[in-house]
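Chain and residue survey
One-letter residues, chain by chain:
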Amino acid sequence: MTSGIRPIDVLLQRAGIRGHQRAPSDSKEFHEVTKRDALRLLENEVDRLLQTTEPARRPALQAEMGRFADLFGRFLQEEGPALDWNKIQKLPENAVMNYSNLKAPKNEQNEIRSMLDKLVVIKLNGGLGTSMGCHGPKSVIPVRSDLTFLDLTVQQIEHLNKTYDANVPLVLMNSFNTDEDTEKIVRKYKGFRVQIHTFNQSCFPRISREHFLPVAKDFDVEKDMEAWYPPGHGDFYDTFRNSGLLKKFIDEGREYCFLSNIDNLGATVDLNILNKLVGEERASTPFEFVMEVTDKTRADVKGGTLIQMENKLRLLEIAQVPKEHVDDFKSVKTFKFFNTNNIWANLAAIDRVLRERTLNMEIIVNNKTLENGLRVIQLETAVGAAMKCFDGAIGINVPRSRFLPVKKSSDLLLVMSNLYTLKNGSLVMSPQRMFPTTPLVKLGENHFSKVKEFLGRFANIPDIIELDHLTVSGDVTFGRGVSLRGTVIIIANHGDRIDIPAGAILENKIVSGNMRILDH
């Protein structure tokens, strides 16, 4: 975009509107007019897109595009992403409950079954495996013993249902990127004791940063996938209701959903938390929204945190922080917790905030550049940002073991290793590990970022029971039966290759490009 020209001015030029015809360009009135014009132009363009679809599909798509126009209208009204830092209040004593204070339910089958029958498990399944070099949904990447994220999730819930003679359903929120493949894959679970439901989150058009209008030429999403995007997991509430599943589960007498990312292998159904919500430990006033948080470490400084503001507990993301306070936000002392995105929400309360139209989540503006060089923005929301819209919202400070996301091959190394054992679909840390924290692992992007490449560099996954920190950079391979302990740094310089021999034990070692092994 030409320097000094705002997108709003470009919009006006396209519409044949000149600022001086209305009001001085720095006046409030002018800005209100330009915002209205911007919204009108967008709505006209969306209407044109809708005309390119078959008439039978139009009513559903019209409702979806109405939500998109609402989001765009709110984006135009917002003055900026930053919140007023001075309005942040001290977290009240009871805002975050300690997990260790929760009581386990009595080990009576009937009692636990009646608790489980009030629960729905929802997994966010909209992401692709492209960042790890895989095709199709991320949930079908094998992560342990040839089992995928989805296999492990189904195993966990089937184990609960069999053990307690319960009927906890599994719901997958797909995106247009993952829906078709997921529908084919879930057929293989037909004989399992798990009811699986799926629904799709919205499909919104990406907007050009030049003129704030959709870049799509028509509504044929398959033809031009890059012109469309799923608008973040904050879209869950509306699309869950519109799918009919929210009403179905409320009618069945279910009370809570437990929602998490499908790639967080630590996000299993926790009976102690469930006991606090629907069991004998339930509070007289229900907690409508529970966010699992865990202690922040230096590795988590960018993660969202909990704050109190205007007497409501709410999620604060780094994108909302004024530049001059980013260091404060990252401070482990000031903000002790970060959001795991494991959320327990009351179904009747979700229904209420949607009916009363009080759901209000901060907009995340995501700037992207498409393969053809076109610069676009996509407007998103985060599911945890709805916290402030519910009554009786709390955080629960859970053990780190409930946050085990697999975002990179370095995470895959941890979950495939002897650090964990697999029990009924859940990963359990080995009792041989002397302390509960996971090692810090950094693997070089150039040689380890894609799953296939990563697997090709290990004859088998090394023993890391006693590992604290591993950094690997460059062309490095590992033989069978390697053991890594303490701090190990392996760096192959450009053009060099390092082969760690089978059976090698590296403890507090630096291995450099010429294969010298030094004490660290």
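Since this is a predicted model, take the numbers as computed values, not measurements. In this convention, every chain numbers its residues from 1, walking through the sequence in written order. Per-residue local features are limited, in this predicted model, to residues with pLDDT of at least 70; the limit for side-chain atom pairs, both in listing and counting, is 80 or more; totals at the level of whole chains, interfaces and linings are taken over all residues. Note that the side-chain values use all heavy atoms of the structure and ignore hydrogens as well as water.

So, the overall build of the chain
Where we set the bar: Here a strand is any run of E in DSSP of at least two residues, a helix any run of H or I of at least four, and the numbering for each starts at the N terminus. Two things to know: the radius of gyration comes from C-alpha atoms, and the globule rule equals 2.2 Å times the number of residues to the power 0.38. Exposure categories follow from relative accessible area, calculated using a 1.4 Å probe and restricted to protein chains: below 20% of the type maximum is buried, above 50% is exposed, and the middle band is partly exposed. Whether two residues are in contact is decided by their heavy atoms: any pair within 4.5 Å suffices.
In terms of regular secondary structure, the chain is built from 15 helices and 27 strands. Relative to a compact globule of 520 residues, whose C-alpha radius of gyration would be 24 Å, the chain shows 25 Å and is just as compact. With the principal axes as the frame, the chain shows a C-alpha extent of 80 × 65 × 50 Å. Expressed as a percentage of the 520 residues in the chain, the buried residues total 53%. Within the chain, contacts between residues separated by at least 24 positions form 70% of all contacts whose residues are at least 6 apart in sequence.

Some remarks on the UniProt feature "binding site: substrate" (unreviewed entry) in the chain
Formally: UniProt positions are given in the numbering used here, feature names are shortened, and annotations may be inferred rather than shown by experiment.
Residues annotated by UniProt as "binding site: substrate" (unreviewed entry) correspond here to His233. Its location among the elements puts His233 in the loop between strand 10 (228–229) and helix 8 (236–242). When its relative accessible area of 25% is taken as the criterion, His233 is described as partly exposed. With sequence-adjacent residues up to four places away left out, His233 is seen in contact with Leu124, Met173, Asn261, Asn341, Thr381, Ala382 and Val383.

Observations concerning the UniProt feature "binding site: UTP" (unreviewed entry) in the chain
UniProt's feature table lists "binding site: UTP" (unreviewed entry) at Lys138, Gln201, Gly232, Asp263 and Lys407, given in the numbering used throughout. Tracing the backbone through its elements, the reader meets Gln201 in the loop between strand 7 (196–200) and strand 8 (204–205). Position of Asp263 relative to the elements: it lies in the loop between strand 11 (256–261) and helix 10 (271–278). The exposure class assigned to Asp263 is buried, which follows from its relative accessible area of 6%. Apart from the residues lying within four places of it in its own chain, the contact partners of Asp263 are Lys138, Phe149, Leu404, Pro405, Val406 and Lys407.

Considerations on the packing of helix 5 (residues 109–116) against helix 6 (residues 149–164)
For clarity, the threshold we go by: Where helices are involved, their axes are fitted lines through C-alpha atoms of the stretch in contact, as for all axes, and angles between N-to-C directions lie from 0 to 180°. Note that the term roughly parallel is reserved for angles under 35 degrees, roughly antiparallel for angles over 145, roughly perpendicular for angles of 65 to 115, and oblique for everything else. Helix crossings are classified by the rotation of the near helix relative to the far one: an anticlockwise turn of less than a right angle makes the crossing left-handed, while a clockwise turn makes it right-handed. When residues are grouped by polarity, Ala, Val, Leu, Ile, Met, Phe, Trp, Tyr, Cys and Pro land in nonpolar, Asp, Glu, Lys and Arg in charged, and all others, Gly among them, in polar.
With their axes 9 Å apart at the nearest point, helix 5 and helix 6 run at an angle of 140° to one another. Between helix 5 and helix 6, the interaxial angle falls into the category oblique. Seen along the crossing, helix 5 lies across helix 6 with a hand that is left-handed. On helix 6, the residues touching Gln109, Ile112, Arg113 and Leu116 of helix 5 are Leu160, Thr163 and Tyr164. Taken together, the residues that form the contact of helix 5 with helix 6 break down as four nonpolar, two polar and one charged.

Topic: empty space enclosed by the protein
What counts here: The pocket and cavity definitions rest on a 1 Å grid over protein atoms only: a 1.4 Å probe that fits but cannot leave marks a cavity, an open set with protein on both sides within 12 Å along at least five of seven lines marks a pocket, and residues lining either have an atom within 4 Å of a point. Grid points are joined across faces, edges and corners, and a volume is the space filled by probe spheres set on the points.
Counted according to the given criterion, the structure contains one cavity of 30 Å³ or more. Here the largest cavity defines a volume of roughly 40 Å³. What lines the largest cavity is Lys123, Phe149, Leu152, Thr153, Gln156, Ile262, Asn264, Leu265 and Ala267. Broken down by element, the lining of the largest cavity gets its largest block of residues, four residues, from helix 6. Split by residue class, the lining of the largest cavity holds five nonpolar, three polar and one charged.

Focus: the sheet that holds strand 12 (residues 289–295)
For clarity, the threshold we go by: Two strands qualify as a pair provided that DSSP identifies no fewer than 2 bridges between them.
With mixed pairing, eight strands are arranged side by side in an open sheet as 2-18-12-15-11-3-6-7. One side of each edge strand has no neighbouring strand; the edge strands of this open sheet are strand 2 (96–98) and strand 7. Across the sheet, the axes of successive neighbouring strands diverge by a mean angle of 30°, strand direction being ignored. Where strand 6 (residues 170–174) meets strand 7, five bridges bridge the pair, whose relative direction is parallel. If you follow Met173 over to strand 7, its bridge partner there is Phe199.

A short note on the nonpolar core
The test is simple: By nonpolar core is meant a set of buried Ala, Val, Leu, Ile, Met, Phe, Trp, Tyr and Cys residues that side-chain atoms within 4.5 Å join together.
Counting 75 residues, the largest nonpolar core has Leu116, Leu119 and Phe478 as its most contacted members. By residue number, the principal contributor to this core is helix 6, which donates seven residues. If sequence neighbours within four positions are ignored, Leu119 has contacts with Val168, Pro169, Arg254, Tyr256, Cys257, Phe258, Val269, Leu274 and Trp344. Of all hydrophobic cores here, the second largest spans 38 residues; its members include Tyr237, Val293, Ile343 and Ile350.

Remarks on the confidence of the model for the chain
How we decide: Each residue carries a pLDDT score, the predictor's own confidence in it, on a scale running from 0 to 100.
Summary statistics for the chain give a mean pLDDT of 88 and a share of 92% for residues scoring 70 or more. By mean pLDDT, helix 2 (residues 19–22) is the weakest element of the chain at 35, and helix 9 (residues 245–251) is the strongest at 98.

Description of the domain arrangement of the chain
Test applied: Where each domain starts and ends follows an automatic or database-derived domain assignment. Computed with a 1.4 Å rolling probe, the buried area is the accessible surface lost when two parts are put together, summed over both parts. Basic side-chain nitrogens of Lys or Arg form a salt bridge, by our definition, when they fall within 4 Å of a carboxyl oxygen of Asp or Glu. The definition of a polar contact used here is a pair of N or O atoms within 3.5 Å, where within protein one atom must be able to donate a hydrogen and the other to accept one, and adjacent residues in sequence count solely through side-chain atom pairs.
Taken as a whole, the chain is organised into domain 1 (85–200 + 231–402) and domain 2 (409–512). Here domain 1 and domain 2 share an interface that buries about 1,300 Å² over both sides, 61% of which is from carbon and sulfur atoms. Joining domain 1 to domain 2, the criterion identifies zero salt bridges. On inspection of domain 1 and its partner domain 2, the count reaches seven residue pairs in polar contact (both at pLDDT 80 or more). For the side of domain 1 that touches domain 2, the elements supplying multiple residues, two or more each, are strand 4 (142–144) and helix 6. Sorting elements by how many residues they give to the side of domain 1 that touches domain 2 places helix 6 first, with four residues. Tallied by class, residues from the side of domain 1 that touches domain 2 come to eight nonpolar, seven polar and one charged.

Some details on the pattern of salt bridges
Across all of its chains, the model carries 27 salt bridges by this definition. Among the ionic pairs, Asp251 bridges to Lys247, the shortest N-O distance being 2.7 Å. Separated by four residues within a single helix, Asp251 and Lys247 lie in helix 9, roughly one turn from each other. Across this residue pair, the class does not change: Asp251 and Lys247 are exposed. Of the charged contacts in the structure, one is a salt bridge between Glu255 and Arg282, with a shortest N-O distance of 2.8 Å. With Glu255 in the loop between helix 9 and strand 11 and Arg282 in the loop between helix 10 and strand 12, this residue pair connects regions lying 27 residues apart in the sequence.

A look at helix 10
Counting buried positions along helix 10 gives eight out of eight residues, so the element sits mostly inside the fold. If you check the start of helix 10, you find a side-chain oxygen 2.9 Å away from the backbone N of Asn272, and it comes from Asp270.

Observations concerning unusual backbone geometry
For residues besides glycine, phi is generally negative; the peptide bonds are generally trans as well. Despite not being glycine, Asn311 shows a phi value in the positive range, around 60°. Structurally, Asn311 is set in the loop between strand 13 (305–309) and strand 14 (312–316). A residue is classified by how much of its surface remains accessible, and Asn311, at 61% relative accessible area, is exposed. Non-glycine residue Asn508 carries a positive phi angle of around 50°. By the secondary structure assignment, Asn508 is in strand 26 (residues 505–511). The exposure class of Asn508 is partly exposed, given its relative accessible area of 30%.

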